[in-house]
Amino acid sequence: MSEKKEPGVWEGFKAFLMRGNVVDLAVAVVIGAAFTNVVNSVVKGVINPLVGAFGTKDLDHYRSCLKAPCETNGAGDVIKGIPIMWGTVLSAVLSFVITAAVVYFLMVLPMAKYLARVAAKKAEKEGTQEVIEITELEVLKEIRDALVAQRGTGHREE
């Protein structure tokens with residue numbers, strides 16, 4: 001009587017970690033975190049100065065006062081009033097759009113083109129195999145017909 005041993009917790013954990021989608025997800029999270037720093041640097045180093053040409057360099061300084069009077073101290077903390085921080089929202093939206101554009105144009109679009117090329121090559125290869133199989137079948141039919149014709153003529157001569 002053989003007892004089937006249940007996999008232990010450690011084996012289950014190793015199997016979970018070694019699944020492809022878990023590893024892919026971990027890589028995506030790490031790359032995403034690193035990429036966030038790049039996007040934030042682009043926003044602070046390029047976008048904010050461009051916006052600063054028309055006003056303040058830091059988008060976080062763009063705000064409106066919902067309940068007047070809005071007063072801030074030297075550190076920029078609100079002392080009185082209710083400010084609407086629309087510059088901060090604009091900065092976050094710009095970061096999102098830049099991130100989405102870079103991910104799409106540098107990752108999604110090239111991968112889609114690559115997968116389409118691979119699928120086309122696979123379809124072409126399968127099409128070629130079908131043509132070869134059909135051609136072989138045609139040749140075999142011709143050989144059969146030639147043999148039948150030879151037998152037919154051979155029988156007539158006898």
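Residues numbered from 1 in each chain as written. Predicted model: local features only at pLDDT ≥ 70, side-chain atom pairs only at ≥ 80, totals over all residues. Heavy atoms only, no water.

Peer 1: Can you explain the overall build of the protein chain? Please cite residues and give values.
Peer 2: Helix and strand counts for the protein chain come out as 3 helices and 2 strands. Reading the protein chain from its N terminus to its C terminus gives the helix and strand order α-α-β-β-α. Residue burial in the protein chain is summarised as follows: out of 158 residues, 6% are buried. Within the protein chain, counting contacts between residues at least 6 apart in sequence, those at least 24 apart form 35% of the total. (Helix = DSSP H or I, 4+ residues; strand = E, 2+ residues; numbered from the N terminus. Buried < 20%, exposed > 50% of the residue type's maximum accessible area, 1.4 Å probe, protein only. Contact = heavy atoms within 4.5 Å.)

Peer 1: Lay out the packing of aromatic side chains in plain terms, naming residues and giving numbers.
Peer 2: As enumerated under the stated definition, the model contains 2 aromatic pairs in all. With a centroid separation of 6.0 Å and an interplanar angle of 35°, the aromatic rings of Trp-10 and Phe-13 are classed as tilted. Here Trp-10 and its partner Phe-13 are both found in helix α1 (residues 9-18), 3 residues apart, which amounts to about one turn of the helix. By relative accessible area, Trp-10 is classed as exposed at 55%. (Phe/Tyr/Trp six-rings, centres within 6.5 Å; stacked < 30°, edge-to-face > 60°.)

Peer 1: Residue-level account of a nonpolar patch on the surface, with values.
Peer 2: A cluster of nonpolar side chains, namely Val-23, Val-27, Ile-31, Tyr-104, Phe-105, Leu-106, Met-107 and Val-108, defines an oily patch on the protein surface of about 760 Å² accessible area. Only α2 (20-52) and α3 (86-157) provide two or more residues apiece to the nonpolar patch. It is α3 that contributes the most residues to the nonpolar patch, 5 residues altogether. Relative to the assigned elements, Ile-31 resides in helix α2. (Patch = residues over 30% accessible without salt bridge, like charges linked within 9 Å, V, L, I, M, F, W, Y side chains within 5 Å. Areas by Shrake-Rupley, 256 points an atom, 1.4 Å probe, with all protein chains shown as cover. Salt bridge = Lys/Arg side-chain N within 4 Å of Asp/Glu carboxyl O.)

Peer 1: Pulling in residues and values, what's your account of the pattern of salt bridges?
Peer 2: Counted by the stated rule, this structure contains 1 salt bridge. The salt bridge involving Asp-145 is made with Arg-144; its shortest N-O contact spans 3.1 Å. What makes Asp-145 partly exposed here is its relative accessible area of 42%.

Peer 1: Mind laying out the environment of Ile-84, listing which residues take part and the relevant values?
Peer 2: You can see Ile-84 is positioned in strand β2 (residues 78-84). With 17 residues separating them in the primary sequence, Ile-84 and Lys-67 have C-alpha atoms 9.4 Å apart. In this structure Ile-84 touches Tyr-62, Arg-63, Ser-64 and Leu-66, once residues within four positions along its chain are discounted.

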